[in-house]
Amino acid sequence: MNRFSKLHPITHLLFYAFSMIFVLVVSNPFFSFASLFGAFLYNAVINKKALSEI
């Protein structure tokens, strides 16, 4: 038997509730779009530096 299963049921409930909240915050479309935009911007800056060095 693992240690997690011996804990109080409220601990299980809180763990899964915080896990779901964490997943919803991390996979929020706004943050995903901001990350994607930052990645494209970084790629453009890197490619511009690489082209200017040629």
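Criteria and thresholds
Residues numbered from 1 in each chain as written. Predicted model: local features only at pLDDT ≥ 70, side-chain atom pairs only at ≥ 80, totals over all residues. Heavy atoms only, no water. Helix = DSSP H or I, 4+ residues; strand = E, 2+ residues; numbered from the N terminus. Buried < 20%, exposed > 50% of the residue type's maximum accessible area, 1.4 Å probe, protein only. Areas by Shrake-Rupley, 256 points an atom, 1.4 Å probe, with all protein chains shown as cover. Phe/Tyr/Trp six-rings, centres within 6.5 Å; stacked < 30°, edge-to-face > 60°. Patch = residues over 30% accessible without salt bridge, like charges linked within 9 Å, V, L, I, M, F, W, Y side chains within 5 Å. Salt bridge = Lys/Arg side-chain N within 4 Å of Asp/Glu carboxyl O.

### Description of the overall build of the protein chain
The secondary structure content of the protein chain amounts to two helices and zero strands. Considering the protein chain as a whole, with its 54 residues, one finds that 0% of them fall into the buried category. Accessible surface, the protein chain: about 5300 Å² in total, of which carbon and sulfur atoms supply 76%.

### Examining the packing of aromatic side chains
A complete count under the given rule lists one aromatic pair for this structure. Summarising the aromatic geometry, the rings of phenylalanine 15 and tyrosine 16 are spaced 5.1 Å apart at their centres and angled 80 degrees between planes, so their arrangement reads as edge-to-face.

### Notes on a nonpolar patch on the surface
A contiguous nonpolar surface patch, about 830 Å² in accessible area, is contributed by Ile10, Leu13, Leu14, Phe18, Ile21, Val25, Phe30 and Phe31. Those elements that place two or more of their residues in the nonpolar patch are helix 1 (9-26) and helix 2 (29-53). If you tally residues by element for the nonpolar patch, the top one is helix 1, at six residues. Its location among the elements puts phenylalanine 31 in helix 2.

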